[in-house]
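# Descriptive analysis of the structure
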Amino acid sequence: MESISQAPVSVKHIPQRTCVACRRVGPKRELIRLVRISGRSVEVDTGGKRIGRGAYLCPAPGCWQIGLKGGRLEHALRTTLTQDNREQLIRYGSGLKELISDQDK
Ligand SMILES: [Zn+2]
């Protein structure tokens, strides 16, 4: 006779990710992934599938400011952003505000 202990399988596992700026935890698809491409370049990974070390930020301009200007993103990705790269990402972050509050192109 065996005693079978079955783990409950009804709970579906949803990958949780943490925003490096505000530490909010949320489902992967609600956060924006940034990935360190070989070398020093960090890019926004819109598909979430690029190979490389990744970190997550909320789709909120405030988190991008904190993450990029406070060096938290660099710390999370174990890299140093170039000035150009940082500005490029800050620009992306500030564009998020327009998506939410302003549909104007
Ligand atoms: Zn955040």
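Below or above, wherever it landed, is the structure these notes cover. Because the structure is a prediction, the values reported are computed rather than measured.

### Some words on the nonpolar core
For soluble globular proteins, the rule of thumb is that nonpolar side chains tend to be buried together. Ranked by internal contacts, the top residues of the largest apolar core, which has 18 residues, are Cys19, Val20, Tyr56, Leu57 and Cys63. Elements with a minimum of two residues in this core: strand S3 (32-36), strand S5 (53-57) and helix H1 (61-69). When residues of this core are assigned to their parent elements, the largest contribution, four residues, is made by H1. Those residues in contact with Cys63 that sit more than four places away from it in its chain are Cys19, Ala21, Cys22, Leu57 and Cys58.

### Describing the environment of Leu73
Turning to its location among the elements, Leu73 is positioned in helix H2 (residues 72-77). A sequence separation of 54 residues divides Leu73 from Cys19, and the C-alpha atoms of the two residues are 9.4 Å apart. Those residues within four positions of Leu73 in sequence are excluded, and the remaining contacts are Val20, Leu34, Ala55, Gly67 and Leu68.

### What to know about H1
One turn of an α-helix holds 3.6 residues; hence residues three or four places apart share an orientation. The complete set of buried residues in H1 reads Pro61, Cys63, Trp64, Ile66, Gly67 and Leu68. Where H1 terminates, the next one or two residues include Gly71, which has phi positive at roughly 80°.

### Comments concerning the sheet that holds S5
The strand order across the open sheet formed by three strands is S4-S3-S5, and the pairing between neighbours is antiparallel. Lying at the two open borders of the sheet, with one neighbouring strand each, are strand S4 (42-45) and S5. Neighbour to neighbour, the strand axes of the sheet diverge by 30° on average, direction disregarded. Of the strand pairs in this sheet, S3 and S4 are connected by four bridges, and their pairing is antiparallel. Within S4, the residue paired with Leu34 across the bridge is Val44.

Conventions we followed
- Positions within a chain are numbered from 1, following the residues in the order the chain's sequence is written.
- Confidence filtering applies because this is a predicted model: local features only for residues at pLDDT of at least 70, side-chain atom pairs given and counted only at 80 or more, and all residues used for totals across whole chains, interfaces and linings.
- To define a nonpolar core, we join buried Ala, Val, Leu, Ile, Met, Phe, Trp, Tyr and Cys residues through C-beta atoms within 7 Å and take the resulting set.
- Between the buried cut of 20 or more and the exposed cut of 12 or fewer other C-beta atoms within 10 Å of a residue's own C-beta lies the partly exposed class, and all C-beta atoms are placed from the backbone.
- Only runs of H or I of at least four residues qualify as helices and only runs of E of at least two qualify as strands under DSSP, and these elements are numbered from the N terminus.
- A pair of residues counts as a contact when their C-beta atoms, built from backbone coordinates, are within 7 Å of each other.
- Strand pairing requires that DSSP identify at least two bridges connecting the strands.
- An axis is simply a line fitted to the C-alpha atoms; with a helix, the fit covers only the stretch in contact. Between two such axes, the angle follows the N-to-C directions and lies from 0 to 180 degrees.

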